[in-house]
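Structural overview
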Amino acid sequence: GVVAKDSVKKGIKMTSVEILNAEGAEALHKPVGVYLTLEITPEHCRQHKEFAAAVELLGKELGTMMKLKQEETVLVVGLGNSMVTPDAVGPKCLDQLIVTRHLLDASVKGCRSVCALSPGVLGTTGLESVEIVKGVVEHAKPDRVIVIDALAARSTDRLCTTVQLASSGIVPGSGIGNGRSAFNEQTLGVPVYAIGVPTVVEVGTMVEDLLQGAGSAGKKALDQLDPKVGGMVITATDIDAQVQRIAKVIAYGVNLALQEGLDLEDVAYFVE
């Protein structure tokens, strides 16, 4: 029930996992759908040639996954707290998104209708993000929803170095044991696509990785780890710069996927 494939495109390593049925979903503990992981190195965020390759690949893979029609409207949701840097990937992506829904009356040829929303977090709004988004979906009636969020990494090597795409939506906060209501077709009534970037890693996970191969002594040390410490999350010292760079890669890729008539220079012109 699972098809997995590794490949290299435009010099970027990509892992594709497609869960075909209930058996595959049970085996991987994920819903049926397509899951892509693109390994984006720091060079892809800094060097022009590598940046262009990463953006174009992300845009192409997202576009292939969504198979949009020109007349469809897309709502892009930036989840997270803009005041907490590791959780600000979603809102920062919206800062560089080309929104066009308000321009349709101006008859902009070849322009797909795109709108954006940053619903904040429960602690500052008192509302579940999915409640806010659901209200906007009922009013704006988009045909598809893209949700962008920060994730928890399995190891420190993956912090801000992978971009994950999924056709089955997302459960915010699940990576750090704070799962909220899911963003998927069942809750919103339209297809939901997720884009995520690992920005934090749990201390317990990091210690477990460090103790691999230590045998019984390592297991004993892990068992003695204070749960309060093990449940803490850490991030990189330069996470502000890393989030800013990876958010630009994602935003440009989404722009290319949603506005097929634009190239990288066009996107830069409109955004910058």
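Structural data are supplied above this passage.
Source: prediction; values computed, not measured. Each chain has its residues counted from 1, running along the sequence as written. Restriction of local features to residues with pLDDT of at least 70 applies here, the model being predicted, together with a cutoff of 80 or more for giving and counting side-chain atom pairs; totals for whole chains, interfaces and linings are based on all residues. Excluded from the side-chain calculations are hydrogens and water; all other atoms, namely the structure's heavy atoms, are used.

Points about the overall build of the protein chain
Counting its regular elements, the protein chain contains 12 helices and 9 strands. For the protein chain, buried positions account for 45% of its 272 residues. Contacts are assigned to residue pairs with any non-hydrogen atoms lying within 4.5 Å of each other. In the protein chain, the proportion of contacts linking residues at least 24 apart, taken out of those at least 6 apart, comes to 69%. Summing over all exposed atoms, the protein chain offers an accessible surface of approximately 14000 Å²; the carbon and sulfur share of this is 53%. Counting from the N terminus, the helices are the DSSP runs of H or I reaching at least four residues and the strands are the DSSP runs of E reaching at least two. Three labels apply to residues, based on accessible area from a 1.4 Å probe with only protein chains included: buried if under 20% of the type maximum, exposed if over 50%, partly exposed otherwise in between. Areas reported as accessible are Shrake-Rupley estimates using a 1.4 Å probe. Residue values count occlusion only from the protein chains shown.

Some thoughts on the pairing of strand 5 (residues 113-117)
Taken across its 5 residues, strand 5 has 4 buried, putting it largely inside the fold. What makes two strands pair is DSSP finding at least two bridges between them. In the sheet, strand 4 (residues 73-78) pairs with strand 5 via 5 bridges, with the strands oriented parallel. Residue pairing in the sheet places V76 in a bridge with A116 of strand 5.

Brief notes about the pattern of salt bridges
The salt bridge criterion pairs a side-chain nitrogen of Lys or Arg with a carboxyl oxygen of Asp or Glu, the two atoms within 4 Å. A complete count under the given rule lists 5 salt bridges for this structure. With a closest N to O distance of 3.2 Å, E61 and K9 form a salt bridge. Note that E61 is positioned in helix 3 (residues 48-66) and K9 in strand 1 (residues 2-9), a separation of 52 residues in sequence. On the accessibility criterion, E61 (9% relative accessible area) is buried. K9 sits in the partly exposed class, given a relative accessible area of 36%. Across the pair K248 and E272 runs a salt bridge whose closest N-O atoms are separated by 3.3 Å.

Describing the packing of helix 3 against helix 11 (residues 239-258)
To obtain an axis, a line is fitted to C-alpha atoms, over the contacting stretch when the element is a helix, and the angle between two such axes runs from 0 to 180 degrees between their N-to-C directions. Their axes nearest at 7 Å, the elements helix 3 and helix 11 cross at an angle of 50°. Comparing their axes, helix 11 and helix 3 come out oblique. Crossing of helix 3 against helix 11: the hand is right-handed. Between helix 3 and helix 11, the residues in contact are F51, A54, V55, E56, L58, G59, L62 and G63 and K248, V249, I250, Y252, G253, V254, L256 and A257, respectively. Residues of the contact of helix 3 with helix 11, tallied by class, amount to 11 nonpolar, 3 polar and 2 charged. What sets the label is the angle itself: under 35 degrees gives roughly parallel, over 145 gives roughly antiparallel, 65 to 115 gives roughly perpendicular, and the rest give oblique. By definition, turning the near helix anticlockwise from the far helix through less than a right angle yields a left-handed crossing, and turning it clockwise yields a right-handed one. For this scheme, ten residues count as nonpolar: Ala, Val, Leu, Ile, Met, Phe, Trp, Tyr, Cys and Pro. Four count as charged, namely Asp, Glu, Lys and Arg, and the remainder, Gly too, count as polar.

Side note on the nonpolar core
Among buried residues, those of type Ala, Val, Leu, Ile, Met, Phe, Trp, Tyr and Cys that are joined through side-chain atoms within 4.5 Å constitute a nonpolar core. Of all hydrophobic cores here, the largest spans 47 residues; its most connected members are V76, I146, V163, I195, I250 and V254. The element that contributes the greatest number of residues to this core is helix 11, accounting for 12 residues. Apart from residues no more than four positions distant in its own chain, V76 is found in contact with L94, L97, V114, C115, A116, L117, I146, I148, V254 and L258. Of all hydrophobic cores here, the second largest spans 21 residues; its members include V130, V133, A166 and A194.

Quick word on the environment of V163
Position of V163 relative to the elements: it lies in strand 7 (residues 162-166). Separated by 149 residues in sequence, V163 and M14 place their C-alpha atoms 9.7 Å apart.

Things to note about helix 6 (residues 129-140)
One less than the number of residues in a helix, times 1.5 Å, gives the span that helix is expected to have. The end-to-end C-alpha distance of helix 6, which contains 12 residues, comes to 16 Å, matching closely the 16 Å that a straight helix rising 1.5 Å per residue would cover. Among the residues making up helix 6, those that are buried are S129, V130, V133, V137 and A140. Seen along its axis, helix 6 keeps its buried residues to an arc of 105°; they face one direction. Helix 6 presents E138 and H139 as exposed residues on the side facing more than 90 degrees away from its buried surface. Next to the buried residues of helix 6 lie strand 4, strand 5, strand 6 (144-153) and helix 7 (185-188). Once helix 6 finishes, K141 follows within two positions and takes phi at roughly 55°, a positive value. This arc describes the spread of directions from the helix axis toward the C-beta atoms.

Details of the packing of helix 11 against helix 12 (residues 264-271)
It is at 10 Å that the axes of helix 11 and helix 12 come closest, and there the two elements cross at 115°. Here helix 12 runs roughly perpendicular to helix 11, going by the angle between their axes. Every pair of crossing elements has a handedness; the one defined by helix 11 and helix 12 is right-handed. When helix 11 is examined against helix 12, the residues Y252, N255 and L256 are found in contact with a partner set consisting of L264, V267, A268 and V271. By residue class, the composition of the contact of helix 11 with helix 12 is 6 nonpolar, 1 polar and no charged.

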